[in-house]
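# Per-entry structural report
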Amino acid sequence: MLKREWTAFACTKLPCAMCHASSILPLDEHTLLCAFFGGSFEGKSDTAIWLARMTDGQSAEPVKLFSSNEAHWNPVLFTYPDGHIGIIFKVGDVIASWRSYVAESFDGGLTFSAPQELVKGDFGGRGPVRNQPLVLKEHCPGRYLSPASLEDGIWRAFADISDDGMRTFSKSNEVTLSKAELNATDTSEKDIAVSAQSFKGRGVIQPTFWEDPDGVHMLLRSTAGFVMRSDSKDAGLTWCAPYRTDVPNNNSGIDLDVLNGRIYLACNPVQGNWGQRSPISLLSSDDGIHFVKEEDMDSEAAEFSYPCVNACKGALYVSYTYKRQNIRVIKFTI
């Protein structure tokens, strides 16, 4: 059974009006990096990428890593094959044509290189869109699969595949909802502090991956009222048509990782397109279709959303947006 070792806010004081879309990377048992975007409002040109360096579950003063005269979005922390740190994020005022940038750190996240285009000349977003890459161990060991998606038109997801340590990429086929599921989508706007561009979308985006002896699998944020799933039998090259899990989904971000052979999924288990973003819960499963609730991490009438889940050295770390006022981080142990 999971138990909380500590719960903390990433930031001692938020340096901007709002924050969202955290990504966490434990460096060892004591140090954890937490990246997020923040500014006056989601999608505004003053949003920047920030990083907090937490020690032993203590809040930290965040530092601004990257900003410009365009909106910044969805940082994703990861490690390269030699162990040094990368961060990929999106830049652009229009989601459908944002670009992916990457920077590297060779000193444990203390400093980063100047950001470069991840895929030169790309518009729409290559590499991870929100969740961290999966490094395959059983099927094509060493291959990086980045959970990617596109929002120009119908939302659809894919795996961005790298066999050279996140240097070059090739796309899998795209995963798209059926016409029936797209047509059944409620597109009414809700009282959620997201960019107005997002309310028009329909489909599946922001996948999260795991691997088991049967292949590679993704769970997907969707506008169909449920977390959707797709499977690959060829190490991420091709994916089947998406199908439902038993987890409700409110068209908000999800993430998972595997600890001791069990899948742990963080999400808002709330049905309805743009349904409320509370509670935010931790669920678990042994088959990736049927899930049981471990606990509600936060459940008051506020926004708790966009989790990141990272299993490391026998512990499970979860971060999520806390009322757009801070990032909450929890360390679970067994």
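Presented here is a report on the structure given in the accompanying data block. (Residues numbered from 1 in each chain as written. Predicted model: local features only at pLDDT ≥ 70, side-chain atom pairs only at ≥ 80, totals over all residues. Heavy atoms only, no water.)

### Looking at the sheet that holds strand β24 (residues 326–333)
Note the following rule: Strands qualify as paired when DSSP identifies two bridges or more between them. By definition, any uninterrupted DSSP run of H or I lasting at least four residues is a helix, any uninterrupted run of E lasting at least two residues is a strand, and each is numbered from the N terminus. Fitted lines through C-alpha atoms serve as axes, helices being fitted only where they are in contact, and the angles separating the N-to-C directions of these axes extend from 0 to 180 degrees.
One open sheet accounts for 4 strands, arranged β1-β24-β23-β22; its pairing is antiparallel. Here the strands that pair on one side only, and so sit at the sheet edges, are β1 (3–9) and β22 (304–312). Pairs of neighbouring strands in the sheet enclose a mean axial angle of 20°, with direction left out of account. The pairing of strand β23 (residues 315–322) with β24 spans 8 bridges and is classified as antiparallel. Following the sheet pairing, Y322 is matched in β24 by N326.

### A closer look at unusual backbone geometry
Put simply, S278 and P279 share a cis peptide bond, and its omega is 0°. Tracing the chain through its elements places P279 in the loop between β19 (262–267) and β20 (280–285). For C140, which is not glycine, the phi dihedral falls at a positive 55°. Here C140 is to be found in the loop between β10 (134–135) and β11 (144–150).

### A word on the environment of W50
Here is the rule: What makes two residues a contact is simply this: any of their non-hydrogen atoms within 4.5 Å.
Residue placement: W50 occurs in strand β4 (residues 48–55). When the C-alpha atoms of W50 and P207 are compared, they prove to be 23 Å apart, with 157 residues separating the residues in sequence. Sequence-distant contacts of W50, that is, excluding residues within four places in its chain, are made with P15, C16, C34, A35, F36, F37, G38, P62, V63, K64 and L65.

### Focus: the environment of C312
Assignment of secondary structure puts C312 in strand β22. The sequence separation of C312 and F78 amounts to 234 residues, and the corresponding C-alpha distance is 13 Å. The contacts of C312, once residues within four sequence positions are left out, are P26 and Y317.

### With respect to the pattern of salt bridges
Heads up, the rule is: Salt bridges are counted wherever a side-chain nitrogen of Lys or Arg sits within 4 Å of a carboxyl oxygen of Asp or Glu. For each residue, the accessible area found with a 1.4 Å probe, counting protein chains only, is set against the maximum for its type, and the residue is called buried under 20%, exposed over 50%, and partly exposed in between.
Tallied over the full model, the rule gives 17 salt bridges. For E295, the salt bridge identified is with R4, shortest N-O distance 2.5 Å. Separated by 291 residues along the polypeptide, E295 in strand β21 (residues 292–298) and R4 in strand β1 bring together distant segments of the chain. Taking the relative accessible area as the measure of exposure, R4 reaches 35% and is therefore partly exposed. Put simply, E303 and R277 hold a salt bridge, and the shortest N to O gap is 2.9 Å. Placement of the pair is E303 in the loop between β21 and β22 and R277 in the loop between β19 and β20, with a sequence separation of 26 residues. A single burial state applies to E303 and to R277, both of which are buried.

### Quick notes on the sheet that holds strand β3 (residues 31–39)
One open sheet accounts for 4 strands, arranged β2-β3-β4-β5; its pairing is antiparallel. Edge positions in the sheet fall to β2 (18–26) and β5 (63–66), since each of these pairs with one other strand and no more. Strand-to-strand twist in this sheet, taken as the mean axis angle between neighbours without regard to direction, amounts to 30°.

### So, the nonpolar core
Formally: Nine residue types can take part in a nonpolar core, namely buried Ala, Val, Leu, Ile, Met, Phe, Trp, Tyr and Cys, and a core is a set of them joined through side-chain atoms within 4.5 Å.
By size, the foremost hydrophobic cluster in this structure holds 23 residues, and its most contacted members are F66, L77, I87 and F112. Secondary structure elements with two or more residues in this core: β2, β3, β4, β6 (72–79), β7 (85–91) and β8 (99–105). The element contributing the most residues to this core is β7, with 4 residues. Setting aside chain neighbours within four positions, we find L77 in contact with S23, I24, L25, L33, C34, A35, L51, I85, G86, I87 and Q132.

### Quick look at the environment of V258
Tracing the chain through its elements places V258 in strand β18 (residues 255–259). The partly exposed category is assigned to V258, whose relative accessible area is 30%. Each C-alpha atom, one on V258 and one on L316, is 8.7 Å from the other, the two residues being 58 residues apart in sequence. The contact partners of V258, leaving out residues within four places of it in the chain, are W210, I263 and A311.

### Brief notes about the pairing of strand β14 (residues 204–212)
Summarising burial for β14: 8 of the 9 residues are buried, a large majority. In sequence, β14 turns back onto strand β15 (residues 215–222) through a hairpin of 2 residues.

### Comments concerning the state of the cysteines
Using the following cut-off: The disulfide criterion is simple: two cysteine sulfur atoms within 2.5 Å.
Summed over the entire model, instances satisfying the criterion amount to 0 disulfides. Just so you know, C19 is unpaired, no disulfide at all, and the nearest cysteine sulfur is the one on C11, 6.2 Å from it. The thiol sulfur of C240 is not disulfide-bonded, and the nearest other cysteine sulfur, from C140, lies at 19 Å. Residue class for C240 comes out partly exposed when judged on its relative accessible area of 31%.

### Considerations on the packing of aromatic side chains
Two numbers describe a pair of aromatic rings. These are the distance of the centres and the angle of the planes. Here is the rule: A pair of Phe, Tyr and Trp rings is counted when the ring centres sit within 6.5 Å of each other, with Trp represented by its six-membered ring. The angle between the planes then sorts it: under 30 degrees is stacked, over 60 is edge-to-face, the rest tilted. By the criterion adopted, a ring carries a charge over it if an Arg CZ or a Lys NZ lies within 6 Å of its centre and within 35 degrees of its normal.
This model, assessed by the stated rule, comprises 11 aromatic pairs. Judged by centre distance (6.3 Å) and plane angle (20°), the rings of F89 and Y101 are stacked. Placement of the pair is F89 in strand β7 and Y101 in strand β8, with a sequence separation of 12 residues. Taken individually, F89 and Y101 each receive the classification buried, so the pair is uniform in this respect. A network of ring pairs unites the aromatic residues F66, F89, Y101 and F112 as a single cluster. One Lys or Arg, K171, reaches over the ring of F158 and ends 4.6 Å from the middle of that ring.

Shape is all these values report; function is a separate question.
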